[in-house]
Amino acid sequence: MDSRALLPLVNVLAAQVPSLLSSSSANSTLPLPDPFVISQALDKVTRPQISNRNISELFTYWGEFISQDVSHIRRPTTGAPTDAANITLPAAAAAAVPVSVGAANASALPSFQFAVPDSNTASPPLPINAMTPFVDASHIYGTAASPSFVAGGKLPLNSAGLPLLNGDTNAANSFTVAVPGMDVSSLFSFALFNGNTNPTMQALFILFMREHNRYIDTLVAANERQDDATMFQLARQHVVALLQQIHYYEYLPLLLGENLLAQPAPAYSATVDPSIDVLYEAAAFRYGHMEVTSSQTLQTDAGTMVLPLLQCFYNSSAVLQNGIFPLFAGMSKSVQMQPMLYMVPELRNALLRNRPMDLFAIDIQRGRSFGLPSFNAARLAVGLPVIRDFASLTNDTAVAFALGQMYTSIDTLDVVVGGLAEATGTSSNLGPLYTKIIVDQFRRLRDGDPFWFETSGVLTAAHLDQIRHTSLRDVVARNVPEVLPEVVAARLPASLFQVIETRTVDPDANGYTFTNPYINGQYALSGIIESADSLRVRVVCASENWCGLGFGTDMTVADFVIGHVDPATQKIAVEARSTVGAWSTPVLANSQAALEIISTSYISKTITFEFRWQRTGNQPSFKDQQNIIMAMNPVAANGSWFQFHGGNREKLALSFVTGAGTVGDNVTQRRIMHGIGQAIVWLIVFPFGIVWGRYLRFISGWIIVHATAQSFGCVAVVFLLALPLTDPQSMGLTQNSPHSFIGIFLFAIMFIQLVLGVFNRRRLRSHAFKTQHVRTAHSILGFAMLLTGFANAGFGLKRLYPVGFTVTWPWLGYFGLLAFWMAVFAIAEIVRAYQAKSLNRIGVPVQVLKVDPEQKTAKLSSGVTPVVPALVRRPTAESVETSVVFYTWEQITAAVLDGEHLVVGNGRYVYNITRWLPSHPGGKIILETVNGTDITLDFFNESDYDGSLVSDAVAAAEREVKKLARLLPPSRGRAGSTGAIATVRQTSHSTVHVNHDDDNDEDDAAPILDLSAPHWAAIRKARWSHAHTKTAAQKLIGFMVGEITARKSHREFDRNELRRYAMLSKTCVSGPGAKCPTYVFKFALLYPFEGRRENEPSKFLPGQYVELVDRVSNKMIARSYTPISGSTASFEVAVKLYPTGTMSTVLQRAKPGSKQFRIRGPFGSPIINTSRALASTATLRLDNNRLSPLDKHFSTIICIVGGSGIVSALQVAREYLLPTGKTLNAHSGYEPAHDDELPIEVGDRIKVKSVGLDGWAIAANLETDEEGLCPLSILHPPAGRDSRVVIVNCASTLDDCAAFNILDAGALSFPNQLQIHHHVSAGAGPKCVVHGVPGTFHDGRLTPEDVEDLVTDAWDSDSDAVRKVVVCGPAGFVGLIFDTLVGLGLECGEIVILPPAENEPREIRVDA
């Protein structure tokens, strides 16, 4: 059983209001009249009245259909009251019983009991709802936990599309009840037996069972077949959505007169209780009993069949004999009763065939039994004011008098009686109280339903759109396959819930020259010329609203005569109206002089008016042909009477002399021009432009052809769209047709596509539009727009030349062009894919770096990167326009800086790509980016050809991070710190850099890249997504102009070669208040797996720098930067960004992966001996790679830096304090505290693998061949225990003191060997610690006295010491320090001056 079923009713609206019976019991002076007395008394003072809104009888039974879905009452078995109220049909009422029952039998029939509260019960127990309290088709599918279905997930229907009968041996069981005299075996086995109540109910049940099976068939046809249970649930979800759509968007708005529920549906709320309210179940829902008529109507092939209501109760013969369609055709054209206090005799005196029952009396007693409040109490509960007396309740004085006779006070009025007695509006079936109750109930049913069809994620967007555009008429029309489509179209009205008559009029000359029918026979026009300037006209039309005649070619120039029904008087008002010069409602004419009204009439919903019209303005003589517009709206006015005519309009050229005229067929010259023009654009111009832009990019100037074709097409579409806008009605723009809607949609999409095209063009020229999303969106939207345009061209052609039995030449042309372009696109795609594949197939391998899964080794292997053989040999003379010359990489870079566009293929051949700039498919910006570089790796591969290698590297890096991601214990051996390091940031163990192992000089070795997953993502993002074809490679051969000067191999390293890098990260290391912030940028080769080249340095040495070349403002510029860590494969630079700096602006704007950078180097000679530069050569001695005990005299290196010159000091600190790849001796032993730490004894040789930020390193003990983590502080420094590195950093403010992890790592590794002093011009003040910057802070500028103290303290009287001072900073700063050092006795050879390279542009420098 569904857990949402078998729940009690709730008392939400009237929870705080006492029940009517409890109030009556408390006050014995307010007795309640007998329900049967009330029913019979009201029957005598009310009369039958059909719906004044022409609501159909099908509407009545739809209400019952949905009510059975949301509630089916079962009384509680425990806690029932002991008293009972009897309702007996007395013999005196026999006269009111139909003849089929008979008075003789009436008195013998049993009475009916209803429970009422006893004297000790405050309120009766609320009944149980056996259904789920949702609009979820539970009455169709049942509430069992495991619903029943047959093969394929379908519901059981026989070959005639009807359910099984209860008498069938294979019939599914359902809820059944015993009704005297009823043959249950002849009824359908619905999940809810009450579906058999009457033929119309049976038809509704069967309709949606058929829809369930039909939807499954559509899924199967669409190759969406799944298992039976899933197919059943998908179809059930579809049916539920249809019920919700129809009930909330067709039924409720018509019932209430407007849609009082919020639109669109709000999101599901778990706080909303969807349970059925007792006021709805026992009162408001019962209003439908008053809508029932005394019969049900079928429209069959033989004519109209009327079934008496008494023959309808639990009788399936009508459906078995006639099917379901005649019921929908008949009941949708029959009008229901006006819901009030009148009930047809069949329900008031006989119910369930021949079983006498008073349904109205039952409704009244049910309300009392369920504990409903009084009418006025209910009004107060829902927020309505009380009614003071019966005269104020209803306009029917007889009803008011009768109620006053039965009820001693209106405060004791039953809510069932009062709710029906309330006056209803002209556009609603309900009074205020029932409206409030029903709106509340169905709002909660919707908002408390987690599977409501409009809730996001319940249906797909396409399915939801389909449901929203499906009406009950659509469901009927597609589920009656036994009926011919033309019969369905003819017999089913547009609305099944409201009867709108469509009538024709009979022409009658009556003294007129002619009488002609128009608008499908609903409009007749008669006319006679009385003089050249006077015309007498008669208009007859089948309308309840308005109809009119216009003199003129269209609405923008015509004069009108309009006749309309006055809703109050039901008389015809005729008036002259004038155009407002636009496609808008005509306004009342300033003068009615041209119009003389002769007669008017309104009989049988037919408007007739005669008038005399005097010629006005430029109107031609009435003896000449007249342009006439006829229009009408046949539907009764609801609000403003002058409503849009829709398709009820015709335009013609008419002769009032003869009555002959040419009715406009809407295939005007403008429409033909529009159709032919749009066909040319969408079937020729746009496809041509797409083919040229996608498949012929190898042709020079392709972008011009593509842009011209598409721009011409856009301009033509705008012009051609203006044609229907000038006459939207005759051109059909206002008709409800897919062509019009799709056309407007295509116009909007075309504008978006045009904007995307402009941005895509910008993308091809500018880094600002590098994103591939624009290109992708432009391509996808272009194809989607083209396909939609093809379809819309077909819709338009159908409007011009409807498809008949003979195929005309336009259709042949349309399908011919369609087939032609389909073939062109298919062939082009095949050729394009073949060329891309063939390029890779004929390639030769190039070595690339491969990393093992543990990322511990890196070796070169072949077979990954293909290169076209034609590029490995010199092209023929015919393929090269200029003579071949030899270049060096230095010459290529110089040429690029001078404005040339040269690239290199396979490390050897030089190509001048200048001619390719305006037509390269990827855009000029790609060629500008690769200018001056080797394009082998990415030209002859897709951009992500090494994706599998990247995945392996990322996985290995993630494993390494998991292995090391813990905070290690503090470093050992720091007791001897001099205190020069004021503070050091705590950090987890992560490597600061990874350099090549100095002990391994194999040519094919390469540094293991210290790159994380975000770094790899930045690399892949920086690559231009592309795929070149063989045609592109052949085109490139034609651009060859020379070769690289002969080298040992194409893998020989040349520091002058520009190589492309991706920015991996960008970190600000200065304080927030720094005037010029300092950033650390990390770069890596665009294709890191290329591997280390022959003679390529494994690391950067102190004093070396790299050159960054970029195009800025259409000029090539170069800047020098000093790497602070890494190798040529991946390195970091620290850059101070100046507001006016040219390259600073580029770096400031750049984001990781946003662009490619061209870098070459390293340049410059090392400033110190990198093996033992600090050791005194007089005392240095090695014994078997161990430091001799005599090695006690070591010197100090001082780095005095200012501004961005700090990077030079970082190089020195990295080299001597972060000994990656070096072998050091242990001066102290170490006992591991963790399993992954390395045991060390005094004197052990320790090979450092990588250094962390926390003073620890991954190292190997060469004595024990063990590997693990060890503190660097127990090892001898690389330059000896007495050596020191002193860094003096001069900064303007505290925030200019940057935090570099190299200094952190050095301070933690060898605290006695590193001293850092910060001289702050603005003053350090009490803030001695600045955002984790290590070192001692000093107030004020660095003075000559400070320099003297540093030199004296460093070397004192040690004449044998090797002295080295590195000075780097602004020119004035360097000059002052240099003069001071010379004055202190230092020789020029002991002073190294390094410029702050990134401040100013300089010439490309090549050191010998």
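Residues numbered from 1 in each chain as written. Predicted model: local features only at pLDDT ≥ 70, side-chain atom pairs only at ≥ 80, totals over all residues. Heavy atoms only, no water.

The subject of this paragraph is the pattern of salt bridges. Under the criterion given, the structure shown has 30 salt bridges. Linking E482 and R210 is a salt bridge whose minimum nitrogen-to-oxygen distance equals 3.2 Å. Of the two residues, E482 is situated in the loop between α19 (472–477) and α20 (485–491) and R210 in helix α6 (residues 199–221); the sequence distance between them amounts to 272 residues. Between R444 and D440 there is a salt bridge; the shortest N-O distance is 3.1 Å. Of the two residues, R444 and D440 are both situated in helix α17 (residues 432–447); the distance of 4 residues between them amounts to about one turn of the helix. (Salt bridge = Lys/Arg side-chain N within 4 Å of Asp/Glu carboxyl O. Helix = DSSP H or I, 4+ residues; strand = E, 2+ residues; numbered from the N terminus.)

A few words now on the nonpolar core. Among the nonpolar cores identified, the biggest contains 123 residues, and W62 and F208 are the most heavily contacted of them. Of the residues forming this core, the biggest block, 13 residues, is contributed by helix α7 (residues 228–256). Each residue touching W62, except ones within four places of it in the same chain, is listed here: L204, F208, L243, I246, H247, Y251, L472 and F497. Grouped together as the second largest cluster of nonpolar side chains are 49 residues, I1124, L1210, I1240 and A1298 included. (Core = buried A, V, L, I, M, F, W, Y, C linked by side-chain atoms within 4.5 Å. Buried < 20%, exposed > 50% of the residue type's maximum accessible area, 1.4 Å probe, protein only. Contact = heavy atoms within 4.5 Å.)

Turning our eyes to something else, we now look at the sheet that holds strand β42 (residues 1336–1339). Taken together, the 6 strands give an open sheet; going across it, the order is β42-β41-β40-β35-β43-β44, and neighbouring strands pair in parallel fashion. Sheet topology places β42 and β44 (1391–1394) at the edges, where each strand pairs with a single neighbour. Going from strand to strand, the sheet's axes swing by 15 degrees on average, the running direction of each strand aside. (Pairing = 2+ DSSP bridges. Axes fitted to C-alpha atoms, helices over the stretch in contact; angles between N-to-C directions.)

Time to look at unusual backbone geometry. For the bond running from G1161 to P1162, omega is 10 degrees, close enough to zero to count as cis. Note that P1162 resides in strand β32 (residues 1156–1163). Here A137, not a glycine, exhibits a phi torsion of approximately 60 degrees, which is positive. With respect to the helices, strands and loops of the structure, A137 is situated in the loop between β5 (128–129) and α5 (138–141).

Right, let's get into the packing of aromatic side chains. Summed over the entire model, instances satisfying the criterion amount to 35 aromatic pairs. An angle of 50 degrees between the planes, with centres 6.4 Å apart, marks the rings of W821 and F825 as tilted. In this pair, W821 and F825 both sit in helix α25 (residues 809–841), 4 residues apart, roughly one turn of the helix. The buried category is assigned to W821, whose relative accessible area is 8%. Classification of F825 as buried rests on a relative accessible area of 13%. Connected via pairs of aromatic rings, a cluster forms that spans F59, W62, F65, F188, F190, F205, F208, Y251 and F497. Taking NZ or CZ as reference, R536 lies 4.4 Å from the ring centre of Y512, over its face. The ring of Y1079 has K1066 sitting right over it, with the charged end atom 5.6 Å from the ring centre. (Phe/Tyr/Trp six-rings, centres within 6.5 Å; stacked < 30°, edge-to-face > 60°. Lys NZ or Arg CZ within 6 Å of the ring centre and 35° of its normal.)

Honestly, that's just the spatial picture; any functional story needs more than this.
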